[in-house]
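# An overview of the molecular structure
What follows is each chain in one-letter form.
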Amino acid sequence: MIKQLPIKWMVFLMLLTTSGALLAQVVSGTVIDDASQPLPGVSVIIKGTSTGATTDFDGNYTINATNGDVLVFSYVGFETQEIVVDDTTVNVTLQPGVALDEVILVGNRSKPRTILDSPVPIDNIGVSELINTGQPTVDKMLTYKVPSFNSSNQTISDATAHFDPADLRGLGPSRTLVLVNGKRKNQSALVYINDTPGKGEVGVDLKSIPSAAIERIEVLRDGASAQYGSDAIAGVINMVLKKDVEYSVVNAKSGITTEGDGFNFGVDFNSALKLDDNGGYFNFTLGYYEQEKTDRSGNPGGDGLFGVLYDAGIIPIQAADGFLASNGQVATAQDILNGTTDWQQANPDQGAIVGQPEIKKMDIFFNAGVPFKNGEGEFYSFGGMTYRKGKSFGLYRTPFWPGIPGQNSPGSNPLFDGIGQYQGFQPTFETDIRDNNATVGVKWDLLGFNADLSGTYGRNAVDYEVNNSINVDLGANSPTGFNVGGYTFSNTLANLDFSRNFGQLNVAFGAEVRGERFTAIPGQPESYFGSGAQSFPGLQPANAVRAKRENYGIYGDMEWEPTDALLLGAAVRYEDFSDFGDNTSWKVNARYSLGDQGAIRASYSTGFRAPALHQIYLSNIQTLVSGGTISNQGTFNNVDPIIREGLGVPQLTAETSKNIAAGITFKPTSNLSLSADFYNVKVDDRVLFTGEIGFDGDSGSNNPVEQILLTNSITSLKFFINAVDTKTTGVDIVANYNNIPFGNGKLEATLAANFNETKIEGTINVPTILANNGYSDAFFNRKEQSRIVSARPKSKILLGFDYDINKWTFILNNTYFGEVTWQHASNPGNDQTFSGKVITDLILNYNFSEKLSASILVNNLLNVYPDEIDPGDDIEVDLGGRFKYPWEVNQFGFNGTIISGSLSFKF
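Residues numbered from 1 in each chain as written. Predicted model: local features only at pLDDT ≥ 70, side-chain atom pairs only at ≥ 80, totals over all residues. Heavy atoms only, no water.

## Observations concerning the overall build of the protein chain
When its secondary structure is counted, the protein chain shows 14 helices and 44 strands. Out of the 907 residues belonging to the protein chain, those deemed buried represent 56%. Partitioning the intrachain contacts of the protein chain with sequence separation of at least 6 by distance along the chain shows that 68% fall at a separation of at least 24. For the protein chain, the computed accessible surface area is about 35200 Å², with 56% contributed by carbon and sulfur atoms. (Helix = DSSP H or I, 4+ residues; strand = E, 2+ residues; numbered from the N terminus. Buried < 20%, exposed > 50% of the residue type's maximum accessible area, 1.4 Å probe, protein only. Contact = heavy atoms within 4.5 Å. Areas by Shrake-Rupley, 256 points an atom, 1.4 Å probe, with all protein chains shown as cover.)

Structure representation (structure tokens):
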């Protein structure tokens, strides 16, 4: 029940909104630029007073003024206008003045600002800049536009190969909040549990948002939990969708690698409808994209991996009945070890496929708004749906793969029969991914405040299939295709936000209520019977989950400008979660303006990240090669009595952070802008995914871990736990120099760089039972630690040139990916550092007319690859030569040169 406000508070609010304006009238209007586009963030001041207002996202404003008052309209990059009030409606068209600084909305609810005027560092990336990277998806586009953002293709990593973990400032996928039009985007249903960057974390499926629907992307590179809540420790990515467009646009693009594989094709359509004469709009996007696989596997020759294990007496290697060695005789184990069988000679790559997966993707997105009350309010809605199917590959099961019958088997299973002898098989891991989100809301004026009430629903679901495989325990009666289960994650949000400008003071406050739901669905019985389907045993009924939680949050945000030069800001947010408790985060920031030439800025904030429901409740069994054997590894969830009581693992709780940042922006001329920002982020109680905890090799010990392994028929176990404190230190540098006369054209140059380092601080928190039984080293070993401290480049530098002349545009981008280091689990002598490399992209664009243009794009012009893996004395590092390039600390992928062509048509 809503309680009526006390009379004294009603009187206070009335006085607050009418004080000094008892004789005034409400004056409203819209401010647009010379291209008839609305301008958000324009300052509207009654001349000679401190009474003012700011235009909203659609360029609309309201202010209390009397006839004869002079309204002053000012905006960075435009000429200031003064207009005498003689009506209740005053519409204004501002004319360009000096070069426009990019306007940003994220990180500030009360007043849009420019990049150079912001108290925190923000990147603003337009859709043309995204497209000019030549990359196929938003996550890859950001990788080549934002130095502190990283994402790269993964391979032979189950579902992770179809999502590609992405992170900001090297802090992992879980610590970057993603917004769409300022509203929280749902996370994906997947936990990255394979040996890739971001292992054990949960992120947003950035492939689910088509670039054709995006007007611009704002990247807030500063802790923002006090403003936006959980997950914003590293920063915020806000994707602003298109509204009105001058033309409908069709884009088509196709490309292929110079190796002749990885063919891709994409087409998208974007258009908008005018709903009424008051600024109503309906923008919609349709898209389709597909890509074929690439293969950059090594050349193992023989089956070296299993040869080493065989020589060590760990596993047997079997020869197939009728399988021939090079001398025409039946193959022996020694022939296989020497790589001299007919099959090995004919298949030097051992059937491995190491590269990008196959993908087919379809998108539909919309963004709509209908104003009411003469533009004083707006009903709005936006959202979309992405559907994509993918196919990646497991390791090829050779005819002598351990545990696979080598002899002909009775029955009709094609993987056993065929041409008289068992020939092996290539399991495929196939995904069916659906991501959908929708927001509906209304904005209106309430007692002088800008009010925004909205509801959002988002869902990500992924179903798995393993095909071209068998369950050995079912023999020749085994299916060759398996439904191995899947996951879903959804959230439902309600937001109520208020903001108002009181001249020198901007205030904002609001509340959010959120519900989350995570489900795990078991596979078909044949997929998990016995040892399960080869390459990925299905989720079992014991792994099934239907978990949910709720939380609510309230926040307050304030900015005060006591002088034209000084800006002071503060924010505080309280959140309470139903499953682990509450948190209060706060933030303060300041900016001192250097006039038109830049500013000095600084911020300090605390933050938090709630453990994902996935991390709390995920459990499964995986097949992997590790610790000298091929085995099934079990992941136990955090609420399982085996973990909580048997091993003494505490309940997962929130990570907390402290973020300090300071920087300077400088604009010596209208064409040149510079910024440099230092940051230091400390994260306490970081949630990690443990290393492999297995048998200790002492047959006489009474080890509680081994009892768990034997009972569950697994050789190792893993789980999630708050156990690590980290400190990340870095600096971001950005320089833009545009409108440089060069011949008969104009040149623009951009230099951007990020340098960062993450360290593990203090000791790792190992549960007592595990420490007492000798698992301190294995708990979070050197290899797992390297995923936090060295799996992403510690430096990345972007140098780009954009040259326009007549109908031509020439773009040359150079991206330096710094070195990364892979650490061996136990032997530092096998560590390897992969050197930094420069990737060069060339784009040529020609405008046949105002409505038709074409481009040729060459990504990785110089065909640069990462350093090759040196396995040292551990053949597991490259799986017997199957992997040629690093994948656990992947810098930029290993597809080589990609040549593409695109065509854009407007109508």
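## As for the sheet that holds strand S4 (residues 60–65)
In space, the three strands of this open sheet follow the order S4-S1-S7, with mixed pairing throughout. Here the strands that pair on one side only, and so sit at the sheet edges, are S4 and strand S7 (92–93). Relative to S7, strand S1 (residues 25–32) is paired through two bridges, and the arrangement is parallel. The partner of Ile-32 across the bridge, within S7, is Thr-93. (Pairing = 2+ DSSP bridges.)

## Description of a nonpolar patch on the surface
A surface patch of nonpolar side chains, about 350 Å² in accessible area, is lined by Leu-273, Leu-275, Val-370 and Phe-379. Tracing the backbone through its elements, the reader meets Leu-275 in the loop between strand S18 (264–274) and strand S19 (281–291). A residue is classified by how much of its surface remains accessible, and Leu-275, at 43% relative accessible area, is partly exposed. (Patch = residues over 30% accessible without salt bridge, like charges linked within 9 Å, V, L, I, M, F, W, Y side chains within 5 Å. Salt bridge = Lys/Arg side-chain N within 4 Å of Asp/Glu carboxyl O.)

## A word on the pairing of S19
Alternating residues of S19 divide into Tyr-281, Asn-283, Thr-285, Gly-287, Tyr-289 and Gln-291, all buried, and Phe-282, Phe-284, Leu-286, Tyr-288 and Glu-290, none buried. As paired elements, S18 and S19 share eleven bridges and run antiparallel to each other. Across the sheet, Ala-272 pairs through a bridge with Asn-283, a residue of S19. What sits between the antiparallel neighbours S18 and S19 is a turn of six residues, in which Gly-279 has the positive phi angle 100°. In this sheet, strand S20 (residues 358–372) lies alongside S19 in antiparallel orientation, the contact comprising eleven bridges. Each bridged residue has a counterpart across the sheet, and for Gln-291 the counterpart in S20 is Ile-359.

## Here's the deal with the pattern of salt bridges
Summed over all chains, the structure comprises 45 salt bridges. Linked by salt bridges that have partners in common, Glu-512, Arg-514, Glu-516, Arg-549, Arg-573, Glu-575 and Asp-579 make up one network.

## So, unusual backbone geometry
Positive phi, normally seen in glycine, also occurs at Asp-231, with a value near 85°. Topologically, Asp-231 is positioned in the loop between helix H4 (225–228) and strand S16 (235–241).

## Some thoughts on the confidence of the model for the protein chain
Per-residue confidence for the protein chain gives a mean pLDDT of 85, with 86% of residues at or over 70. Taken together, the stretch residues 407–411 has pLDDT below 50 and engages in 13 contacts with residues farther than four places along the chain or on a different chain. Within the model, pLDDT remains below 50 along residues 417–421, and this stretch shows nine contacts once partners closer than five positions in the same chain are excluded. (pLDDT = per-residue confidence, 0-100.)

## Brief notes about the side chain of Asn-814
Along the chain, Asn-814 falls in strand S39 (residues 808–817). In this structure the side chain of Asn-814 is engaged in a polar contact, spanning 2.9 Å, whose partner is the side chain of Thr-840. Ignoring any residue separated from it by four or fewer positions in sequence, one finds Asn-814 in contact with Ile-797, Leu-798, Leu-799, Val-838, Ile-839 and Thr-840. (Polar contact = N/O pair within 3.5 Å; in protein donor to acceptor, adjacent residues only side chain to side chain.)

## A few points about the packing of aromatic side chains
A complete count under the given rule lists 31 aromatic pairs for this structure. Relative to Phe-509, the ring of Phe-449 has its centre 5.8 Å away and its plane inclined at 70°; by these criteria the two rings are edge-to-face. Residue Phe-449 is found in strand S23 (residues 449–467), and its partner Phe-509 is found in strand S25 (residues 505–522); the two are separated by 60 residues along the sequence. The exposure class of Phe-509 is partly exposed, given its relative accessible area of 36%. Aromatic ring contacts, followed pair by pair, group Phe-269, Phe-282, Phe-284, Phe-366, Phe-905 and Phe-907 into a single cluster. Sitting over the ring of Tyr-679, Arg-169 keeps its end group 3.6 Å from the ring centre. (Phe/Tyr/Trp six-rings, centres within 6.5 Å; stacked < 30°, edge-to-face > 60°. Lys NZ or Arg CZ within 6 Å of the ring centre and 35° of its normal.)

## Regarding helix H11 (residues 704–711)
Given 3.6 residues per turn, any residue in an α-helix points the same way as the ones three and four places further on. By the burial criterion, the buried members of H11 are Val-705, Glu-706, Ile-708 and Leu-709. Seen from one end, H11 has its buried residues packed into an arc of 155°, which puts them on one side. Residues of H11 that are exposed and point over 90 degrees away from its buried face: Leu-710 and Thr-711. On its buried face, H11 is in contact with helix H10 (641–644), strand S34 (693–694), strand S35 (716–718) and helix H12 (768–772). You can read the cap of H11 off the contacts: a side-chain oxygen lies 2.8 Å from the backbone nitrogen of Val-705, and it is on Asn-703. The positive-phi residue at the C-terminal boundary of H11 is Ser-713, with phi of around 55°. (Arc of directions from axis to C-beta.)

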